[in-house]
Amino acid sequence: MTIDFYYASWSPPCRTVELVAHILNVKLNPIVTTPSKGDTQKPEYKQLNPQHTIPTIVDNGFVLSESRAICKYLVEKYGLATGAYSKEQLYPKDLQKRATIDHRIDFDLGSLYRRASDYFSPVFMTGQFGTAALPKLKAALEILDAYLAKTKWVAGPEVTLADIVVVVTISSLEIVGYELTSYPNILRWFKAAQTTLPGYNEANHKGTIEFKDYLFSKLKNN
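Residues numbered from 1 in each chain as written. Predicted model: local features only at pLDDT ≥ 70, side-chain atom pairs only at ≥ 80, totals over all residues. Heavy atoms only, no water.

- An unreviewed UniProt entry lists the chain under the name Glutathione S-transferase delta 2, from Myzus persicae.
- We quote the UniProt Subunit (unreviewed entry) comment for the chain here in full: "Homodimer." (UniProt positions renumbered as here; feature names shortened; annotations may be inferred.)

With respect to the overall build of the chain
(1) Moving on: Within the chain one finds ten helices and four strands.
(2) Moving on: Helices and strands appear in the chain in the N-to-C order β-α-β-α-β-β-α-α-α-α-α-α-α-α.
(3) Moving on: Its C-alpha atoms give the chain a radius of gyration of 17 Å, within 12% of the compact-globule value 17 Å for 222 residues.
(4) Moving on: If one aligns the C-alpha atoms of the chain with their principal axes, the spans along those axes are about 50 × 45 × 25 Å.
(5) Moving on: Taken over 222 residues, the chain has a buried fraction of 49%.
(6) Moving on: Put simply, of all contacts in the chain between residues at least 6 apart along the chain, 66% involve residues at least 24 apart. (Helix = DSSP H or I, 4+ residues; strand = E, 2+ residues; numbered from the N terminus. Rg over C-alpha atoms; globule rule 2.2 N^0.38 Å. Buried < 20%, exposed > 50% of the residue type's maximum accessible area, 1.4 Å probe, protein only. Contact = heavy atoms within 4.5 Å.)

Re helix α8 (residues 161–175)
An α-helix turns once per 3.6 residues; consequently, residues spaced three or four apart project the same way.
(1) Moving on: Over its 15 residues, α8 extends 22 Å from the first C-alpha to the last, a length consistent with the 21 Å expected when each residue adds 1.5 Å.
(2) Moving on: Of the residues flanking the end of α8, it is G177, one or two places downstream, whose phi is positive at about 90°. (Expected span 1.5 Å × (residues − 1).)

Details of helix α1 (residues 12–24)
(1) Moving on: The terminal C-alpha atoms of α1, which comprises 13 residues, lie 19 Å apart, in line with the 18 Å expected from a rise of 1.5 Å per residue.
(2) Moving on: Most of α1 is tucked away: eleven of the 13 residues are buried.
(3) Moving on: All buried positions along α1 are accounted for by P12, P13, C14, R15, T16, V17, L19, V20, A21, I23 and L24.
(4) Moving on: Just downstream of α1, N25 is the residue with a positive phi angle, here 60°.

Regarding the packing of aromatic side chains
(1) Moving on: Here the structure, examined in full by the defined rule, presents twelve aromatic pairs.
(2) Moving on: Plain terms: the ring middles of W10 and F124 are 6.4 Å apart, the flat faces sit at 40° to each other, and that makes the pair tilted. Here W10, found in the loop between β1 (3–7) and α1, pairs with F124, found in helix α6 (residues 122–126); they are 114 residues apart in sequence, far enough to count as distant.
(3) Moving on: A residue is classified by how much of its surface remains accessible, and F124, at 33% relative accessible area, is partly exposed.
(4) Moving on: A centroid spacing of 5.9 Å and a plane angle of 50° characterise the contact between Y119 and F120, whose relative ring orientation is tilted. Neither Y119 nor F120 differs from the other in exposure class; each is buried.
(5) Moving on: Within the aromatic cluster, the residues linked to one another by ring pairs are Y119, F120, F129, Y178 and F211.
(6) Moving on: A cation over a ring is seen here: R15 above F211, with NZ or CZ 5.8 Å from the ring centre. (Phe/Tyr/Trp six-rings, centres within 6.5 Å; stacked < 30°, edge-to-face > 60°. Lys NZ or Arg CZ within 6 Å of the ring centre and 35° of its normal.)

Remarks on the side chain of T33
(1) Moving on: Tracing the chain through its elements places T33 in the loop between β2 (28–32) and α2 (43–48).
(2) Moving on: Looking at T33, its side chain comes within polar contact range of the main-chain oxygen of I31, at 3.0 Å. (Polar contact = N/O pair within 3.5 Å; in protein donor to acceptor, adjacent residues only side chain to side chain.)

Right, here's the structure in full:
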């Protein structure tokens, strides 16, 4: 049985779910859902997801939204017991390891992706990047760079769910030309992530190009 996946391919949160599903070899049934066309405001969708956001999944009647919650659910339910990118590697049961991963995911949600979104989102309303967000975005990137000065991957010596979440945020910044050269540890990690994460190009990079094209189409004087 496949999982219904309400999404837009350009959306960073949706791309996070796509990348996790690809790594887990979980089949998704993609249902294109475009907020700008009013798809998320339709009564049937708001009944499904009162937040009227994307992504949303329906797994055999179980409905879940919020990309990070979806990713944890997919890993817990469908992650392999052993081998590369096993459940235990991506989201281990060890309390301290899991707490570190959760911290990095929450850091992305509350700081890094939040500030990146504050930078991107005004384009859709005003036609201009939200430059007021730049100081806090810079601070969040400095924190990530400091974490990556201590570990090879975002939450430790191995690839975890935290890397999948954070790589989508960084790739969204990089594709629109945000300058990352001041963050050598992020650049080292990002290069490794692009070549290490299975299905990166198919599940994420293609969507980043769509994201760039969509964003730039809304820019004034572009």
